[in-house]
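# Results of the structural survey
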Amino acid sequence: MRRAGLVSVLLALVVFVSGCGSDSTSGRAATTSAPTTTASSPTTTVAVQKDVLNSQVDPPGAQGRTLTLIRYTIAPGAKLAAHIHPGVQMASIQSGSLAYTVISGTASVRRAPAGTTEQVTGPADITLNQGDSVIEKGDMVHFGANTTATPVVIVATLLTEDGQDLAVPVTTTVPTSTPG
């Protein structure tokens, strides 16, 4: 009898764990990665691993939107492409330091441990450290890079339009002056 109870508990635990980290809309693991090659090694590495921790279409009070909880792990030496989030993203640096560039628009950055908030308007380059958080609105073009030897882990919540990607790459150009 005792063994049957233990087997039931273990089975329940396996079912619970297998459901963690799954995309609620598809029922399968929602881990994606962007391959890149580094100059020092010809092997392919994962530049950014995206783990969707949970997602809900049309959450209460936000019809026509999707609420997503995601964890990004950015590999050492990785640089993300310039992008926007079609909606709003709130992100917190869980570990590491991220070189963060705002190309255009304004990010709201809350610094830890002081809790001070600053508005960062592009073009601007700053560093986000463990405990810092940032709010990025849909029209804000930005990117991050991990210039350190350890991974950067970010946990974020996004509220996006239903059916939209969480991040949309943006082509940026550097303004040039014309002779007068």
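Given the structure is predicted, the values throughout are model-derived calculations rather than measurements.

This part is about the overall build of the chain. Within the chain, the regular secondary structure consists of one helix and 13 strands. Along the chain direction, N to C, the helices and strands of the chain fall in the order α-β-β-β-β-β-β-β-β-β-β-β-β-β. Taking all 180 residues of the chain together, 29% fall into the buried category. For the chain, the proportion of contacts with a sequence separation of at least 24, taken over those separated by at least 6, is 68%. In the form shown here, the chain has an accessible surface area of approximately 11,000 Å², with 59% of it arising from carbon and sulfur atoms.

As a working rule, side chains carrying opposite charge can pair if their charged atoms are close by. All told, the structure shown has three salt bridges when counted by the stated rule. Of the charged contacts in the structure, one is a salt bridge between Glu-118 and Arg-111, with a shortest N-O distance of 3.2 Å. Note that Asp-132 and Arg-111 form a salt bridge whose closest N and O atoms lie 2.9 Å from each other. In this pair, Asp-132 is assigned in the loop between strand 9 (124–128) and strand 10 (133–137) and Arg-111 in the loop between strand 7 (106–110) and strand 8 (117–121), connecting sequence segments 21 residues apart. Its relative accessible area of 2% is what places Asp-132 among the buried residues. A single salt-bridge network, built from bridges that share partners, covers Arg-111, Glu-118 and Asp-132.

Here the focus is the nonpolar core. In this structure, Leu-98, Tyr-100, Leu-128 and Ile-154 are the most contacted members of the largest nonpolar core, which totals 25 residues. Only strand 2 (41–57), strand 3 (65–74), strand 5 (87–95), strand 6 (98–104), strand 7, strand 9 and strand 12 (152–161) provide two or more residues apiece to this core. The element that contributes the greatest number of residues to this core is strand 12, accounting for four residues. With residues up to four places along the chain from it excluded, the contact list for Leu-98 reads Ile-74, Ile-93, Ile-126, Thr-127, Leu-128, Gly-144, Ala-145, Asn-146, Val-152 and Ile-154.

Right, let's get into the side chain of Gln-89. Of note, Gln-89 is situated in strand 5. In this structure the side chain of Gln-89 is engaged in a polar contact, spanning 3.0 Å, whose partner is the side chain of Tyr-72. In terms of polar contacts, Gln-89 uses its side chain to reach the side chain of Glu-136, at 2.8 Å. Excluding residues that lie within four positions of it along the chain, Gln-89 makes contacts with Tyr-72, Val-134, Ile-135, Glu-136, Ala-156, Thr-157 and Leu-158.

Time to look at the confidence of the model for the chain. Overall, the predicted model of the chain reaches an average pLDDT of 79, with 71% of residues at or above 70. Within the model, pLDDT remains below 50 along residues 1–44, and this stretch shows 42 contacts once partners closer than five positions in the same chain are excluded. Segment residues 174–180: pLDDT under 50, and zero contacts once partners within four positions in sequence are set aside and those in other chains are kept.

All right, on to the environment of Asn-129 then. Structurally, Asn-129 can be placed in the loop between strand 9 and strand 10. The exposure class assigned to Asn-129 is partly exposed, which follows from its relative accessible area of 34%. Sequence spacing of Asn-129 and Gln-94 is 35 residues, and the spatial spacing of their C-alpha atoms is 8.4 Å. Once you skip the residues sitting within four places of it in the chain, Asn-129 turns out to touch Ile-93, Gly-96 and Ser-97.

Mapped onto the elements of the fold, Asp-165 is located in the loop between strand 12 and strand 13 (168–169). By relative accessible area, Asp-165 is classed as exposed at 53%. Distance from Asp-165 to His-85, taken between C-alpha atoms, is 7.9 Å for residues 80 residues apart in sequence.

What counts as what
Residues numbered from 1 in each chain as written. Predicted model: local features only at pLDDT ≥ 70, side-chain atom pairs only at ≥ 80, totals over all residues. Heavy atoms only, no water. Helix = DSSP H or I, 4+ residues; strand = E, 2+ residues; numbered from the N terminus. Buried < 20%, exposed > 50% of the residue type's maximum accessible area, 1.4 Å probe, protein only. Contact = heavy atoms within 4.5 Å. Areas by Shrake-Rupley, 256 points an atom, 1.4 Å probe, with all protein chains shown as cover. Salt bridge = Lys/Arg side-chain N within 4 Å of Asp/Glu carboxyl O. Core = buried A, V, L, I, M, F, W, Y, C linked by side-chain atoms within 4.5 Å. Polar contact = N/O pair within 3.5 Å; in protein donor to acceptor, adjacent residues only side chain to side chain. pLDDT = per-residue confidence, 0-100.

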